[in-house]
Amino acid sequence: GAGVSQSPSNKVTEKGKDVELRCDPISGHTALYWYRQSLGQGLEFLIYFQGNSAPDKSGLPSDRFSAERTGGSVSTLTIQRTQQEDSAVYLCASSPIATSGTDNEQFFGPGTRLTVL
Amino acid sequence: GIQVEQSPPDLILQEGANSTLRCNFSDSVNNLQWFHQNPWGQLINLFYIPSGTKQNGRLSATTVATERYSLLYISSSQTTDSGVYFCAVERHSGYSTLTFGKGTMLLVSP
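In short, a report on the structure. (Residues numbered from 1 in each chain as written. Chains lettered and ligands numbered in written order. Predicted model: local features only at pLDDT ≥ 70, side-chain atom pairs only at ≥ 80, totals over all residues. Heavy atoms only, no water.)

**Some words on the overall build of chain A**
Part 1: Each helix and strand in chain A was counted, giving 0 helices and 11 strands.
Part 2: The helix and strand sequence of chain A, counted from the amino end, reads β-β-β-β-β-β-β-β-β-β-β.
Part 3: Counting every position in chain A, which comprises 117 residues, the buried fraction comes to 48%.
Part 4: Carbon and sulfur atoms form 45% of the exposed surface of chain A, whose accessible area is close to 5400 Å².
Part 5: Charged side chains of chain A number 10 positive and 12 negative; the gap between the two group centres comes to 6 Å. (Helix = DSSP H or I, 4+ residues; strand = E, 2+ residues; numbered from the N terminus. Buried < 20%, exposed > 50% of the residue type's maximum accessible area, 1.4 Å probe, protein only. Areas by Shrake-Rupley, 256 points an atom, 1.4 Å probe, with all protein chains shown as cover. Lys, Arg positive; Asp, Glu negative; His and termini not counted. Charge placed at Lys NZ, Arg CZ, Asp CG, Glu CD.)

**A few points about the interface of chain B and chain A**
Part 1: Contact with chain B, which involves 19 residues of that partner, is made by 21 residues of chain A.
Part 2: Taking both sides of the interface into account, the surface hidden between chain B and chain A amounts to around 1700 Å²; carbon and sulfur atoms contribute 51%.
Part 3: Run the count over chain B and chain A and you get 0 salt bridges.
Part 4: Along the contact surface separating chain B from chain A lie 7 residue pairs in polar contact (both at pLDDT 80 or more).
Part 5: Put simply, the parts of the chain that give the side of chain B that touches chain A at least two residues each are strand E4 (29–37), strand E5 (43–48), strand E9 (83–91) and strand E10 (98–100) of chain B.
Part 6: In terms of residues, the side of chain B that touches chain A owes the most to one element, E4 of chain B, which gives 5 residues. (Contact = heavy atoms within 4.5 Å. Buried area = accessible area lost by both parts, 1.4 Å probe. Salt bridge = Lys/Arg side-chain N within 4 Å of Asp/Glu carboxyl O. Polar contact = N/O pair within 3.5 Å; in protein donor to acceptor, adjacent residues only side chain to side chain.)

**Focus on the side chain of Thr63 of chain B**
Residues and elements named next belong to chain B.
Part 1: Mapped onto the secondary structure, Thr63 falls in strand E7 (residues 59–64).
Part 2: Polar contacts involving the side chain of Thr63 include one to the main-chain carbonyl oxygen of Ile49, which spans 2.8 Å.
Part 3: Engagement of the side chain of Thr63 in a polar contact is seen with the side chain of Ser70, the distance being 2.9 Å.
Part 4: If we skip the residues at most four places from it in the chain, Thr63 touches Phe25, Leu32, Ile49, Pro50, Ser51, Gly52, Tyr69 and Ser70.

**Structural notes on the pairing of strand E9 (residues 88–95) of chain A**
All names here are of chain A.
Part 1: A large share of E9 lies buried, amounting to 8 of its 8 residues.
Part 2: Across the two faces of E9 the burial is the same, with Ala88, Tyr90, Cys92 and Ser94 and Val89, Leu91, Ala93 and Ser95 all buried.
Part 3: For strand E4 (residues 31–38) and E9, the ladder comprises 7 bridges, and the chain directions are antiparallel. By the bridge assignment, Tyr33 is partnered in E9 with Ala93.
Part 4: One ladder, built from 3 bridges, connects E9 with strand E11 (residues 112–116); its direction is antiparallel. Bridging from a neighbouring strand, Val89 pairs with Arg113 of E11.
Part 5: Alignment of E9 against strand E10 (residues 107–108), held across 2 bridges, turns out to be antiparallel. Looking at the pairing, Ala93 lines up with Phe108 of E10. (Pairing = 2+ DSSP bridges.)

**Describing unusual backbone geometry**
Generally, phi is negative for residues other than glycine and the peptide bonds are trans, each holding for most cases.
Part 1: With an omega of -10 degrees, the peptide bond between Ser7 of chain A and Pro8 of chain A qualifies as cis.
Part 2: With respect to the secondary-structure elements, Pro8 of chain A resides in the loop between strand E1 (5–7) and strand E2 (10–13).
Part 3: In this chain, Ser7 of chain B is followed by Pro8 of chain B through a cis amide linkage whose omega measures -10 degrees.
Part 4: Of note in the backbone geometry, Arg81 of chain A takes a positive phi value of approximately 50 degrees without being a glycine.
Part 5: Mapped onto the elements, Arg81 of chain A comes out in the loop between strand E8 (75–79) and E9.
Part 6: Looking at Arg81 of chain A, the relative accessible area reads 43%, which means it is partly exposed.

Structure below.
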């Protein structure tokens, strides 16, 4: 079956503009995660969805970052008023179930490379 | 939060050599995954291994949860094995998010 897909694959934007990044999880996966990979910080967790709700937003770096998920499927990560330090690769992952402690392997998409000029 | 340490940070091998990558973690975990990040940035799932030993071709992994470490073995390395290898853990309590180590950068030369 199809894996996790993300769009766009690359995004170049000017400082101060808003951007939207999209993630299509594996069909039937309940849980969806956003991570960010940057040179200085490595791979870091941003936000986690269980169905359409986000019980863990602890990784969002500022209130300029928000995310939503609709229909238990597609998710959008929005960054408002982008800053140069937002430049990174944004990775989305999905897993079959939401509950920790059981068979819950995460599968990653190819990422969106965001460059803020 | 939980700490994940990987060693070595960098490794250079001659094609055909064997290697062992290590992942230490600071707290009890529910799950542990090993990934290979290829030159295009894609994270490839290698093993989902909260405990025990698994093998897949030239790769195998062992997790000793009681001692809080996992090992990834690569035998008869090939140039296509080059890339960054990440260990990631899901902590025992809380939500099922992954905490990643900083990775081991592997270069296999012909």
